[in-house]
Amino acid sequence: MFLERVLVGSHHVRSKNSHRYHSVGLTKVFVVSTVDVDEGLRELQQLAKNSRKPAENVKEVWIHLGVHGGAHCVHLEQCAYNDISFRVPDERGYQPPLRTPIVTESDGTTSPVVDALSTSVPVEKMCRVVPLTKHSVDPGRFLCNYIYFRSLLATAGRSDADALFVHVPPFSRIPQGKQVELLSRLLHCIAESVVQPV
């Protein structure tokens, strides 16, 4: 079951070597559908645009979480692919044909059409710092890949923004409390990497 409500939080992360705070401005649980993801990402882009102050040196990192049923640890996804080959329909019944790209030149995108996009968040280094994490280059080809590719495309070419997709295992493999602890460490690590390299 997927929730269709917005949860807004104000979680602050303080960097060890800085007096700056980093905050989580919006938390949203998406319905597993391309329509809902597109709508939610437009909302996120508008929120980010409206909250950005010209003189502020702020970096946004759009962090997405999804459950990977076969995972035994937390997967930090390095890249996403321009491929929307769903094996099954999304929650709204949409299932494109195999090998359908997410974006094409005819979509009017201002970015060059590429086969894959990668995050600049130092995923491999974070995996050495945060236990029970694994560097991954396979976010699947369902909504996880879709939202990640769309987010990387939206933040491409911006020095003040990036995206990261994190696959978590079911609670039966790593209990909820332990996952919260790991994700908290990961958030701190991301905040540190925004201020200085990990």
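Residues numbered from 1 in each chain as written. Predicted model: local features only at pLDDT ≥ 70, side-chain atom pairs only at ≥ 80, totals over all residues. Heavy atoms only, no water.

Can you lay out the overall build of the chain for me, pointing to particular residues and giving the numbers?
Helix and strand counts for the chain come out as four helices and 10 strands. Start at the N end of the chain and walk to the C end: the helices and strands fall as β-β-β-β-α-β-β-β-β-α-β-α-β-α. Counting the 198 residues in the chain, one finds 39% classified as buried. Pairs at least 24 residues apart make up 72% of the contacts formed inside the chain by residues separated by at least 6 positions. When the accessible surface of the chain is split by element, carbon and sulfur atoms take 54% of a total near 11,400 Å². (Helix = DSSP H or I, 4+ residues; strand = E, 2+ residues; numbered from the N terminus. Buried < 20%, exposed > 50% of the residue type's maximum accessible area, 1.4 Å probe, protein only. Contact = heavy atoms within 4.5 Å. Areas by Shrake-Rupley, 256 points an atom, 1.4 Å probe, with all protein chains shown as cover.)

Go over the nonpolar core, please, and point to the residues and values.
Counting residues in each nonpolar core, the largest one holds 38 residues, and the members touching the most others are Leu76, Val166 and Leu186. For this core, the secondary structure elements donating two or more residues are α1 (34-51), β6 (74-77), α2 (123-129), α3 (143-155), β10 (161-168) and α4 (176-195). When residues of this core are assigned to their parent elements, the largest contribution, eight residues, is made by α3. Setting aside residues up to four positions removed in sequence, Val166 forms contacts with Ile63, His64, Leu65, Gly66, Val74, His75, Leu76, Leu183 and Leu186. (Core = buried A, V, L, I, M, F, W, Y, C linked by side-chain atoms within 4.5 Å.)

Quick one: what's the story with the pairing of strand β5 (residues 60-67), residue by residue and with numbers?
Burial of β5 is one-sided: the residues Glu60, Trp62, His64 and Gly66 facing one way are buried, the residues Val61, Ile63, Leu65 and Val67 facing the other way are not. As paired strands, β5 and β10 are joined by eight bridges and run parallel to one another. When the sheet's bridge partners are listed, Gly66 is paired in β10 with His167. (Pairing = 2+ DSSP bridges.)

Report on the packing of aromatic side chains, specifying residues and quantitative values.
For the structure shown, the criterion picks out three aromatic pairs. Note on Phe86 and Phe142: the rings are 4.8 Å apart at their centroids and 70° apart in plane angle, and the pair reads as edge-to-face. One end of the pair, Phe86, is in the loop between β7 (79-81) and β8 (116-118); the other, Phe142, is in the loop between β9 (133-136) and α3, and 56 residues separate them in sequence. Judged by relative accessible area, Phe86 falls into the buried class, the value being 1%. For the pair Tyr148 and Phe165, a centre-to-centre distance of 6.0 Å together with 45° between the ring planes defines the contact as tilted. (Phe/Tyr/Trp six-rings, centres within 6.5 Å; stacked < 30°, edge-to-face > 60°.)

Account for the environment of Asp90, naming residues and giving values.
Looking at the element boundaries, Asp90 is found in the loop between β7 and β8. Take Asp90: its relative accessible area is 5%, and that puts it in the buried class. Sequence separation between Asp90 and Val32 is 58 residues, and the spatial gap between their C-alpha atoms is 6.0 Å. Contact partners of Asp90, with chain neighbours within four places excluded, come to Val32, Ser33, Thr34, Phe142 and Leu143. Only 2.9 Å separates the side chain of Asp90 from the backbone nitrogen of Arg92, close enough to count as a polar contact. (Polar contact = N/O pair within 3.5 Å; in protein donor to acceptor, adjacent residues only side chain to side chain.)

Account for the sheet that holds β9, with residues named and values stated.
The four strands are arranged β5-β10-β6-β9 in an open sheet whose pairing can be described as mixed. The strands lining the two open edges of the sheet, one partner per strand, are β5 and β9. In this sheet, neighbouring strand axes are inclined to one another by 25° on average, regardless of whether the strands run parallel or antiparallel. In the packing of α3 onto the sheet, contacts are made with β5, β6 and β10, and the angle to β10 comes to roughly 165°. (Axes fitted to C-alpha atoms, helices over the stretch in contact; angles between N-to-C directions.)

So what's going on with the packing of α1 against α3? Residues and values would help.
At their nearest, the axes of α1 and α3 sit 11 Å apart, and the two run at 30° to each other. The orientation of α1 with respect to α3, classified from their angle, is roughly parallel. Note that α1 runs across α3; the crossing there is right-handed. Of the residues in α3, those in contact with Thr34, Val37, Asp38, Leu41 and Gln45 of α1 are Leu143, Tyr146, Ile147, Arg150, Ser151 and Ala154. Along the lines of polarity and charge, the residues of the contact of α1 with α3 split into six nonpolar, three polar and two charged. (Parallel < 35°, antiparallel > 145°, perpendicular 65-115°, else oblique. Left-handed = near helix turned anticlockwise from the far one by under 90°. Nonpolar A, V, L, I, M, F, W, Y, C, P; charged D, E, K, R; others polar.)

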